[in-house]
Amino acid sequence: MTIHAGIVGVGSKVPDKVLTNADLEKMVDTSDEWITARTGIKERRLTDYETATSDLAYEAAQKALEHAKVAPEEIDCIAIGTSSPDTLFPSVGCILQDKLGATNAAAFDVSAACSGFNYGLAVASALIESGQYKCVLLVGADTLTKYIDFKDRNTCILFGDGAGAVVLKPFIDGSGILANHLAAEGAGGKHLVMPGGGSRDPELRKSRYMSMDGKEVFKFAVRALETSVQKVLDKSGFKIEDVDLLIPHQANVRIINHALKKLRLPKEKVYVNLQKYGNTSAASVPIALDEALSEGRIKKGDVIVLSGFGAGLTYGANLIKWSV
Ligand code: ACO
(Lines give C-alpha, C1' and ligand atoms only; values in the text may rest on other atoms or scores of the structure.)
Protein backbone atom coordinates (compact mmCIF):
# COMPACT_ATOMS: atom_id res chain seq x y z
CA MET A 1 0.00 0.00 0.00
CA THR A 2 1.77 3.15 -1.24
CA ILE A 3 0.77 6.46 0.32
CA HIS A 4 0.82 9.65 -1.78
CA ALA A 5 -0.16 13.16 -0.72
CA GLY A 6 -3.22 14.45 -2.60
CA ILE A 7 -4.62 17.98 -2.74
CA VAL A 8 -8.14 18.15 -1.25
CA GLY A 9 -8.66 21.92 -1.04
CA VAL A 10 -7.35 25.04 -2.80
CA GLY A 11 -7.78 28.78 -2.12
CA SER A 12 -6.17 32.09 -3.03
CA LYS A 13 -6.20 35.79 -2.28
CA VAL A 14 -4.85 38.83 -4.14
CA PRO A 15 -5.05 42.43 -2.86
CA ASP A 16 -7.77 44.69 -4.33
CA LYS A 17 -5.44 47.48 -5.50
CA VAL A 18 -4.60 47.18 -9.22
CA LEU A 19 -1.47 48.72 -10.75
CA THR A 20 -1.73 48.78 -14.55
CA ASN A 21 0.97 49.26 -17.15
CA ALA A 22 -0.57 52.68 -17.81
CA ASP A 23 -0.02 53.56 -14.12
CA LEU A 24 3.64 52.49 -14.46
CA GLU A 25 4.05 54.73 -17.51
CA LYS A 26 3.52 57.67 -15.15
CA MET A 27 6.14 56.39 -12.69
CA VAL A 28 9.10 55.26 -14.86
CA ASP A 29 10.30 55.54 -18.46
CA THR A 30 8.35 52.56 -19.84
CA SER A 31 5.29 51.77 -21.95
CA ASP A 32 2.39 49.33 -21.97
CA GLU A 33 3.65 48.17 -25.36
CA TRP A 34 7.17 47.36 -24.03
CA ILE A 35 5.93 45.58 -20.88
CA THR A 36 3.34 43.54 -22.81
CA ALA A 37 5.77 42.51 -25.54
CA ARG A 38 8.65 41.64 -23.18
CA THR A 39 6.71 40.02 -20.34
CA GLY A 40 3.01 39.49 -21.17
CA ILE A 41 2.04 41.35 -17.98
CA LYS A 42 -0.82 43.91 -18.19
CA GLU A 43 -1.48 44.58 -14.49
CA ARG A 44 -0.57 43.42 -11.00
CA ARG A 45 -2.02 43.68 -7.44
CA LEU A 46 -0.40 45.64 -4.59
CA THR A 47 -0.86 45.40 -0.82
CA ASP A 48 -1.24 48.58 1.20
CA TYR A 49 1.34 49.57 3.83
CA GLU A 50 -0.52 47.91 6.73
CA THR A 51 -1.07 44.54 5.03
CA ALA A 52 1.64 41.92 5.53
CA THR A 53 2.28 38.53 3.95
CA SER A 54 0.50 36.64 6.76
CA ASP A 55 -2.72 38.62 6.12
CA LEU A 56 -2.90 37.39 2.52
CA ALA A 57 -1.79 33.90 3.60
CA TYR A 58 -4.60 33.80 6.18
CA GLU A 59 -7.33 34.60 3.64
CA ALA A 60 -5.99 32.07 1.12
CA ALA A 61 -5.67 29.41 3.85
CA GLN A 62 -9.22 29.97 5.10
CA LYS A 63 -10.59 29.45 1.58
CA ALA A 64 -8.52 26.28 1.09
CA LEU A 65 -9.70 24.87 4.45
CA GLU A 66 -13.32 25.67 3.59
CA HIS A 67 -12.92 24.00 0.17
CA ALA A 68 -11.36 20.92 1.84
CA LYS A 69 -13.97 20.95 4.64
CA VAL A 70 -11.14 20.77 7.17
CA ALA A 71 -11.25 22.48 10.60
CA PRO A 72 -8.10 24.31 11.81
CA GLU A 73 -7.66 21.83 14.71
CA GLU A 74 -7.32 18.97 12.20
CA ILE A 75 -4.15 20.44 10.65
CA ASP A 76 -0.97 18.60 11.73
CA CYS A 77 1.49 20.90 10.00
CA ILE A 78 1.60 24.32 8.31
CA ALA A 79 4.34 25.12 5.77
CA ILE A 80 4.64 28.47 4.00
CA GLY A 81 6.78 29.25 0.98
CA THR A 82 7.72 32.91 1.31
CA SER A 83 10.66 35.28 0.97
CA SER A 84 8.83 38.31 2.34
CA PRO A 85 7.96 37.26 5.92
CA ASP A 86 6.22 39.73 8.27
CA THR A 87 9.30 39.53 10.56
CA LEU A 88 12.52 37.49 10.57
CA PHE A 89 10.88 35.67 13.43
CA PRO A 90 8.32 34.53 14.34
CA SER A 91 7.81 32.79 10.99
CA VAL A 92 4.74 33.44 8.85
CA GLY A 93 3.87 29.79 9.53
CA CYS A 94 3.64 30.46 13.29
CA ILE A 95 1.72 33.73 12.81
CA LEU A 96 -0.75 31.85 10.61
CA GLN A 97 -1.03 28.98 13.09
CA ASP A 98 -2.17 31.49 15.71
CA LYS A 99 -4.55 33.40 13.39
CA LEU A 100 -6.24 30.19 12.23
CA GLY A 101 -6.38 28.61 15.68
CA ALA A 102 -4.55 25.57 14.30
CA THR A 103 -3.42 24.62 17.78
CA ASN A 104 -2.32 21.07 16.87
CA ALA A 105 -0.06 22.09 13.97
CA ALA A 106 3.69 22.38 13.67
CA ALA A 107 4.58 25.46 11.62
CA PHE A 108 7.53 26.68 9.54
CA ASP A 109 8.53 28.75 6.50
CA VAL A 110 10.26 27.48 3.37
CA SER A 111 12.73 29.99 1.93
CA ALA A 112 13.16 29.24 -1.76
CA ALA A 113 11.85 32.51 -3.27
CA CYS A 114 9.58 31.91 -6.29
CA SER A 115 10.18 28.14 -6.01
CA GLY A 116 8.85 28.19 -2.42
CA PHE A 117 5.53 26.54 -3.22
CA ASN A 118 7.09 23.70 -5.23
CA TYR A 119 9.75 23.18 -2.57
CA GLY A 120 7.04 23.21 0.11
CA LEU A 121 4.92 20.73 -1.84
CA ALA A 122 7.82 18.27 -2.03
CA VAL A 123 8.40 18.61 1.75
CA ALA A 124 4.67 18.31 2.58
CA SER A 125 4.41 15.29 0.31
CA ALA A 126 7.33 13.55 2.06
CA LEU A 127 5.82 14.28 5.50
CA ILE A 128 2.55 12.63 4.43
CA GLU A 129 4.16 9.71 2.56
CA SER A 130 6.25 8.87 5.66
CA GLY A 131 3.05 8.61 7.70
CA GLN A 132 4.17 11.39 10.06
CA TYR A 133 1.26 13.72 9.22
CA LYS A 134 -2.30 13.20 7.95
CA CYS A 135 -3.25 16.79 7.14
CA VAL A 136 -0.85 19.49 5.93
CA LEU A 137 -1.68 23.08 5.00
CA LEU A 138 0.77 24.52 2.46
CA VAL A 139 0.71 28.20 1.49
CA GLY A 140 2.72 30.21 -1.04
CA ALA A 141 2.54 33.90 -0.08
CA ASP A 142 4.61 36.96 -0.95
CA THR A 143 4.44 40.75 -0.89
CA LEU A 144 7.59 41.46 -2.90
CA THR A 145 6.29 44.86 -4.06
CA LYS A 146 7.35 46.08 -0.60
CA TYR A 147 10.97 45.36 -1.61
CA ILE A 148 10.86 46.99 -5.02
CA ASP A 149 12.20 50.37 -5.98
CA PHE A 150 9.36 51.90 -7.99
CA LYS A 151 11.98 54.06 -9.74
CA ASP A 152 13.75 50.94 -11.12
CA ARG A 153 12.08 49.98 -14.40
CA ASN A 154 14.06 46.72 -14.52
CA THR A 155 12.11 45.27 -11.60
CA CYS A 156 9.02 47.39 -10.82
CA ILE A 157 7.14 46.25 -13.93
CA LEU A 158 7.42 42.55 -13.03
CA PHE A 159 6.08 41.88 -9.54
CA GLY A 160 2.74 41.75 -7.71
CA ASP A 161 1.49 40.47 -4.34
CA GLY A 162 -0.71 37.50 -3.45
CA ALA A 163 -1.19 34.16 -1.69
CA GLY A 164 -2.40 30.68 -2.58
CA ALA A 165 -2.99 27.66 -0.34
CA VAL A 166 -3.64 23.93 -0.56
CA VAL A 167 -4.67 21.25 1.95
CA LEU A 168 -3.00 17.85 1.56
CA LYS A 169 -4.13 14.44 2.83
CA PRO A 170 -2.93 10.85 2.26
CA PHE A 171 -4.31 8.77 -0.64
CA ILE A 172 -3.78 5.06 -1.30
CA ASP A 173 -5.56 4.82 -4.66
CA GLY A 174 -2.54 5.66 -6.84
CA SER A 175 -3.44 9.37 -7.04
CA GLY A 176 -1.63 12.35 -5.49
CA ILE A 177 1.90 13.73 -5.83
CA LEU A 178 3.69 10.94 -7.71
CA ALA A 179 7.09 12.59 -8.28
CA ASN A 180 9.03 15.72 -7.53
CA HIS A 181 12.38 17.21 -8.38
CA LEU A 182 14.13 19.99 -6.45
CA ALA A 183 17.37 21.69 -7.46
CA ALA A 184 19.53 24.71 -6.63
CA GLU A 185 22.31 26.62 -8.37
CA GLY A 186 23.74 28.68 -5.51
CA ALA A 187 26.54 29.98 -7.72
CA GLY A 188 23.94 32.00 -9.64
CA GLY A 189 22.52 33.59 -6.47
CA LYS A 190 24.16 36.93 -7.30
CA HIS A 191 21.81 37.42 -10.25
CA LEU A 192 18.78 38.01 -8.02
CA VAL A 193 19.48 39.48 -4.59
CA MET A 194 17.76 41.29 -1.72
CA PRO A 195 20.92 42.76 -0.16
CA GLY A 196 19.64 44.70 2.86
CA GLY A 197 18.24 43.67 6.21
CA GLY A 198 19.84 40.23 6.68
CA SER A 199 22.70 39.40 9.08
CA ARG A 200 25.17 40.59 6.40
CA ASP A 201 23.61 44.05 6.63
CA PRO A 202 21.49 44.35 9.79
CA GLU A 203 21.46 48.16 9.75
CA LEU A 204 20.27 48.36 6.15
CA ARG A 205 23.31 50.23 4.85
CA LYS A 206 22.88 48.41 1.57
CA SER A 207 19.73 48.71 -0.52
CA ARG A 208 16.47 47.43 0.90
CA TYR A 209 15.35 46.80 -2.69
CA MET A 210 15.89 43.73 -4.83
CA SER A 211 18.46 43.80 -7.60
CA MET A 212 18.27 41.57 -10.67
CA ASP A 213 20.24 40.74 -13.76
CA GLY A 214 17.19 40.11 -15.95
CA LYS A 215 19.03 38.51 -18.84
CA GLU A 216 20.86 35.96 -16.63
CA VAL A 217 17.66 35.13 -14.74
CA PHE A 218 15.80 34.72 -18.04
CA LYS A 219 18.32 32.18 -19.39
CA PHE A 220 18.28 30.27 -16.10
CA ALA A 221 14.47 30.30 -15.96
CA VAL A 222 13.98 28.76 -19.42
CA ARG A 223 16.49 26.01 -18.59
CA ALA A 224 15.00 25.44 -15.10
CA LEU A 225 11.42 25.14 -16.36
CA GLU A 226 12.35 22.68 -19.10
CA THR A 227 14.64 20.60 -16.84
CA SER A 228 12.25 20.41 -13.89
CA VAL A 229 9.34 19.22 -16.05
CA GLN A 230 11.52 16.67 -17.83
CA LYS A 231 12.88 15.35 -14.50
CA VAL A 232 9.44 14.72 -12.95
CA LEU A 233 8.28 13.03 -16.13
CA ASP A 234 11.34 10.75 -16.09
CA LYS A 235 10.87 9.95 -12.38
CA SER A 236 7.16 9.19 -12.66
CA GLY A 237 7.32 7.26 -15.94
CA PHE A 238 4.82 9.60 -17.64
CA LYS A 239 5.49 11.18 -21.05
CA ILE A 240 4.94 14.79 -22.08
CA GLU A 241 1.83 13.66 -24.07
CA ASP A 242 0.32 12.38 -20.78
CA VAL A 243 0.36 15.84 -19.19
CA ASP A 244 -3.13 17.38 -19.06
CA LEU A 245 -2.05 20.73 -17.63
CA LEU A 246 1.26 22.43 -16.82
CA ILE A 247 1.14 25.25 -14.29
CA PRO A 248 4.51 27.01 -14.41
CA HIS A 249 5.71 29.88 -12.22
CA GLN A 250 4.11 33.00 -13.68
CA ALA A 251 7.14 35.25 -14.25
CA ASN A 252 7.18 36.09 -17.94
CA VAL A 253 5.18 34.62 -20.84
CA ARG A 254 8.34 34.58 -22.99
CA ILE A 255 10.06 32.28 -20.48
CA ILE A 256 7.04 29.95 -20.61
CA ASN A 257 6.85 29.97 -24.43
CA HIS A 258 10.57 29.25 -24.85
CA ALA A 259 10.34 26.27 -22.46
CA LEU A 260 7.15 24.95 -24.12
CA LYS A 261 8.86 24.87 -27.49
CA LYS A 262 11.73 22.82 -26.03
CA LEU A 263 9.33 20.48 -24.22
CA ARG A 264 7.06 20.17 -27.29
CA LEU A 265 3.99 20.87 -25.17
CA PRO A 266 1.07 22.66 -26.90
CA LYS A 267 0.02 26.05 -25.48
CA GLU A 268 -3.51 24.77 -24.73
CA LYS A 269 -1.98 22.53 -22.04
CA VAL A 270 -0.42 25.40 -20.10
CA TYR A 271 -2.12 27.68 -17.63
CA VAL A 272 -1.13 31.35 -17.79
CA ASN A 273 -2.64 34.18 -15.72
CA LEU A 274 0.43 36.41 -15.31
CA GLN A 275 -1.24 39.11 -17.44
CA LYS A 276 -3.50 39.83 -14.41
CA TYR A 277 -1.10 39.50 -11.48
CA GLY A 278 2.52 39.76 -12.69
CA ASN A 279 5.05 37.66 -10.79
CA THR A 280 3.63 36.95 -7.31
CA SER A 281 6.67 34.84 -6.38
CA ALA A 282 5.80 31.80 -4.20
CA ALA A 283 2.09 32.59 -4.61
CA SER A 284 1.99 32.38 -8.40
CA VAL A 285 1.61 28.61 -8.79
CA PRO A 286 -1.13 28.08 -6.14
CA ILE A 287 -3.08 31.16 -7.36
CA ALA A 288 -2.96 29.75 -10.91
CA LEU A 289 -3.92 26.30 -9.59
CA ASP A 290 -6.94 27.78 -7.81
CA GLU A 291 -8.08 29.64 -10.94
CA ALA A 292 -7.51 26.62 -13.21
CA LEU A 293 -9.63 24.50 -10.87
CA SER A 294 -12.49 27.03 -10.70
CA GLU A 295 -12.46 27.29 -14.50
CA GLY A 296 -12.92 23.51 -14.78
CA ARG A 297 -9.47 22.97 -16.33
CA ILE A 298 -8.65 20.16 -13.81
CA LYS A 299 -10.65 17.00 -13.10
CA LYS A 300 -10.12 13.81 -11.12
CA GLY A 301 -7.40 11.59 -12.64
CA ASP A 302 -5.75 14.43 -14.64
CA VAL A 303 -1.96 14.57 -14.75
CA ILE A 304 -0.90 18.04 -13.58
CA VAL A 305 2.67 19.34 -13.45
CA LEU A 306 3.54 22.34 -11.24
CA SER A 307 6.92 23.98 -11.79
CA GLY A 308 8.76 26.86 -10.13
CA PHE A 309 12.06 28.74 -10.44
CA GLY A 310 13.49 31.73 -8.64
CA ALA A 311 16.10 33.43 -6.50
CA GLY A 312 18.70 31.20 -4.91
CA LEU A 313 18.83 30.22 -7.65
CA THR A 314 16.29 27.47 -7.03
CA TYR A 315 13.93 25.40 -9.14
CA GLY A 316 11.64 22.42 -8.81
CA ALA A 317 8.52 20.62 -10.01
CA ASN A 318 5.82 18.25 -8.77
CA LEU A 319 3.79 15.80 -10.86
CA ILE A 320 0.29 15.17 -9.52
CA LYS A 321 -2.42 12.71 -10.49
CA TRP A 322 -5.44 14.72 -9.34
CA SER A 323 -7.22 12.94 -6.49
CA VAL A 324 -10.72 14.38 -6.07
N1 ACO B 1 10.57 49.74 -20.12
C2 ACO B 1 11.11 50.14 -21.28
N3 ACO B 1 12.37 49.81 -21.66
C4 ACO B 1 13.08 49.02 -20.83
C5 ACO B 1 12.56 48.56 -19.60
C6 ACO B 1 11.26 48.95 -19.25
N7 ACO B 1 10.66 48.57 -18.10
N8 ACO B 1 13.50 47.81 -18.99
C9 ACO B 1 14.56 47.79 -19.81
N10 ACO B 1 14.31 48.52 -20.93
C11 ACO B 1 15.17 48.75 -22.08
C12 ACO B 1 16.62 48.51 -21.76
O13 ACO B 1 17.24 49.66 -21.24
C14 ACO B 1 17.17 48.13 -23.12
O15 ACO B 1 17.38 49.31 -23.88
P16 ACO B 1 18.65 49.43 -24.87
O17 ACO B 1 18.45 48.34 -25.89
O18 ACO B 1 18.50 50.80 -25.38
O19 ACO B 1 19.85 49.20 -23.99
C20 ACO B 1 16.02 47.38 -23.79
O21 ACO B 1 14.83 47.81 -23.11
C22 ACO B 1 16.16 45.88 -23.67
O23 ACO B 1 16.43 45.56 -22.29
P24 ACO B 1 16.72 44.12 -21.81
O25 ACO B 1 17.11 44.14 -20.38
O26 ACO B 1 17.65 43.49 -22.80
O27 ACO B 1 15.29 43.45 -21.99
P28 ACO B 1 14.89 41.93 -21.92
O29 ACO B 1 14.32 41.50 -23.19
O30 ACO B 1 15.97 41.07 -21.30
O31 ACO B 1 13.67 41.97 -20.89
C32 ACO B 1 13.18 41.42 -18.61
C33 ACO B 1 13.90 42.38 -19.56
C34 ACO B 1 11.68 41.52 -18.88
C35 ACO B 1 13.45 41.83 -17.17
C36 ACO B 1 13.65 39.96 -18.88
O37 ACO B 1 15.06 39.92 -18.91
C38 ACO B 1 13.14 38.98 -17.86
O39 ACO B 1 11.95 38.71 -17.76
N40 ACO B 1 14.04 38.33 -17.07
C41 ACO B 1 13.65 37.38 -16.08
C42 ACO B 1 13.18 38.11 -14.87
C43 ACO B 1 12.45 37.24 -13.86
O44 ACO B 1 11.64 36.42 -14.23
N45 ACO B 1 12.73 37.46 -12.58
C46 ACO B 1 12.03 36.86 -11.52
C47 ACO B 1 12.60 35.54 -11.15
S48 ACO B 1 11.64 34.80 -9.91
C49 ACO B 1 12.11 35.22 -8.29
O50 ACO B 1 12.56 34.38 -7.55
C51 ACO B 1 11.94 36.58 -7.74
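Residues numbered from 1 in each chain as written. Predicted model: local features only at pLDDT ≥ 70, side-chain atom pairs only at ≥ 80, totals over all residues. Heavy atoms only, no water.

S.K.: Is there a simple way to think about the nonpolar core in this case?
M.R.: Note that soluble globular proteins tend to have their nonpolar side chains buried in a common cluster. Ranked by internal contacts, the top residues of the largest apolar core, which has 47 residues, are Val 229, Leu 246, Ile 255, Leu 265, Val 305 and Phe 309. Mapped onto this core, the elements with two or more residues apiece are β8 (176-184), α6 (214-236), α7 (253-263), β12 (303-310) and β13 (314-321). With 10 residues, the top contributor of residues to this core is α6. Shared between two domains, this core takes at least three residues from each, and those domains are domain 1 (4-174) and domain 2 (177-321). Once residues within four sequence positions are removed from consideration, Leu 265 is found in contact with Ile 240, Val 243, Leu 246, Leu 260 and Val 270. (Core = buried A, V, L, I, M, F, W, Y, C linked by side-chain atoms within 4.5 Å. Buried < 20%, exposed > 50% of the residue type's maximum accessible area, 1.4 Å probe, protein only. Helix = DSSP H or I, 4+ residues; strand = E, 2+ residues; numbered from the N terminus. Domains from an automatic or database assignment. Contact = heavy atoms within 4.5 Å.)

S.K.: In this structure, what is going on with the environment of Gly 162? I would like to understand it.
M.R.: As for its placement among the helices and strands, Gly 162 is situated in strand β7 (residues 162-171). Residues Gly 162 and Ile 320, spaced 158 residues apart in sequence, show a C-alpha to C-alpha distance of 23 Å. Setting aside residues up to four positions removed in sequence, Gly 162 forms contacts with Lys 13, Val 14, Pro 15, Leu 56, Gly 140, Ala 141, Asp 142, Thr 280, Ala 283 and Ile 287.

S.K.: Would you mind going over the site of the ligand with me for this structure?
M.R.: The immediate surroundings of the ligand are formed by 26 residues, with Thr 30, Arg 38, Cys 114, Lys 215 and Ala 311 found nearest. Thr 30 has a polar side-chain atom sitting 2.7 Å from a nitrogen atom of the ligand. In this structure, Asn 252 approaches the ligand through a side-chain N or O atom, which is 2.7 Å from an oxygen atom. Bound to the protein, the ligand loses 76% of the 1,000 Å² it would expose on its own. The residue inventory of the shell around the ligand, partitioned by class, reads 13 nonpolar, eight polar and five charged. Each of domain 1 (4-174) and domain 2 (177-321) contributes no fewer than three residues to the shell around the ligand. (Near = heavy atom within 4 Å. Polar contact = N/O pair within 3.5 Å; in protein donor to acceptor, adjacent residues only side chain to side chain. Areas by Shrake-Rupley, 256 points an atom, 1.4 Å probe, with all protein chains shown as cover. Nonpolar A, V, L, I, M, F, W, Y, C, P; charged D, E, K, R; others polar.)

S.K.: Quick question: what am I supposed to make of the packing of aromatic side chains here?
M.R.: How two aromatic rings sit relative to each other is set out by the distance from centre to centre and by the angle between their planes. Across all of its chains, the model carries one aromatic pair by this definition. Ring plane angle 70° and centroid distance 5.9 Å describe the contact between Phe 220 and Tyr 315, whose orientation is recorded as edge-to-face. A residue pair is termed long-range when its members are at least 10 positions apart, and Phe 220 in helix α6 and Tyr 315 in strand β13 qualify at 95 residues. The pair formed by Phe 220 and Tyr 315 is uniform in burial state, with each residue classed as buried. Sitting over the face of the ring of Tyr 49, Lys 146 holds its NZ or CZ atom 5.9 Å from the ring centroid. (Phe/Tyr/Trp six-rings, centres within 6.5 Å; stacked < 30°, edge-to-face > 60°. Lys NZ or Arg CZ within 6 Å of the ring centre and 35° of its normal.)

S.K.: Explain the domain arrangement of the chain to me, please; I cannot follow it from the model alone.
M.R.: When its domains are assigned, the chain resolves into domain 1 (4-174) and domain 2 (177-321). Here the C-alpha centroids of domain 1 and domain 2 sit 14 Å apart. Listed per partner, the contact involves 55 residues of domain 1 and 46 residues of domain 2. For the pairing of domain 1 and domain 2, the buried interface totals around 3,800 Å² over both sides, and the portion due to carbon and sulfur atoms is 62%. Considering only the side of domain 1, the residues that lose the most area to domain 2 are Cys 114, Asn 118 and Tyr 119, jointly responsible for 17% of the buried surface there. For the interface between domain 1 and domain 2, the tally reads zero salt bridges. Elements with a minimum of two residues in the side of domain 1 that touches domain 2: β1 (4-13), α2 (32-39), β3 (43-46), α5 (116-129), β6 (136-142) and β7. For the side of domain 1 that touches domain 2, the residue count by class is 24 nonpolar, 20 polar and 11 charged. (Buried area = accessible area lost by both parts, 1.4 Å probe. Salt bridge = Lys/Arg side-chain N within 4 Å of Asp/Glu carboxyl O.)

S.K.: Where do I start with the pairing of strand β5 (residues 106-110) in this structure?
M.R.: As a general feature of sheets, a regular strand has side chains that alternate between the two faces. The sheet contact formed by strand β4 (residues 77-81) and β5 spans five bridges and is parallel. Across the sheet, the residue bridging to Ile 80 is Asp 109, located in β5. Handedness of the crossover joining β4 and β5 through helix α4 (residues 92-100): right-handed. (Pairing = 2+ DSSP bridges. Right-handed = clockwise from strand over helix to strand, strands pointing away.)

S.K.: Help me understand the sheet that holds β5 in this model?
M.R.: By definition, the strands of a sheet pair up through backbone hydrogen bonds, in either a parallel or an antiparallel sense. The strand order across the open sheet formed by five strands is β1-β7-β6-β4-β5, and the pairing between neighbours is mixed. Each of the sheet's edge strands pairs with one partner strand only, and the pair in question is β1 and β5. With strand direction ignored, the average angle separating the axes of adjacent strands in the sheet is 20°. In the sheet, β1 pairs with β7 via nine bridges, with the strands oriented antiparallel. Residue His 4 lies in a different strand from β7, and its bridge partner there is Phe 171. Against the sheet, α4 contacts β4, β5 and β6, and its axis sits at roughly 130° relative to β4. (Axes fitted to C-alpha atoms, helices over the stretch in contact; angles between N-to-C directions.)

S.K.: Just to check I follow, could you spell out the pattern of salt bridges for this structure?
M.R.: When their charged atoms lie close together, side chains carrying opposite charge are able to pair. Under the definition given, this model contains nine salt bridges. The residue Lys 219 makes a salt bridge to Glu 216 at a minimum N-O spacing of 3.3 Å. In this pair, Lys 219 and Glu 216 are both assigned in helix α6, three residues apart and thus about one turn of the helix distant.

S.K.: I'm lost on the sheet that holds β13 in this one. Help?
M.R.: Strand order across the open sheet formed by four strands is β8-β13-β12-β11, with mixed pairing between neighbours. Two strands bound the open sheet, and with one partner strand each, they are β8 and β11 (245-248). With direction set aside, neighbouring strand axes in the sheet form an average angle of 10°. Of the strand pairs in this sheet, β11 and β12 are connected by four bridges, and their pairing is parallel. Within β12, the position partnered with Ile 247 by the bridge is Leu 306. The strands touched by helix α9 (residues 284-294) within the sheet are β11 and β12, with β11 carrying the most contacts at an inclination of about 145°.

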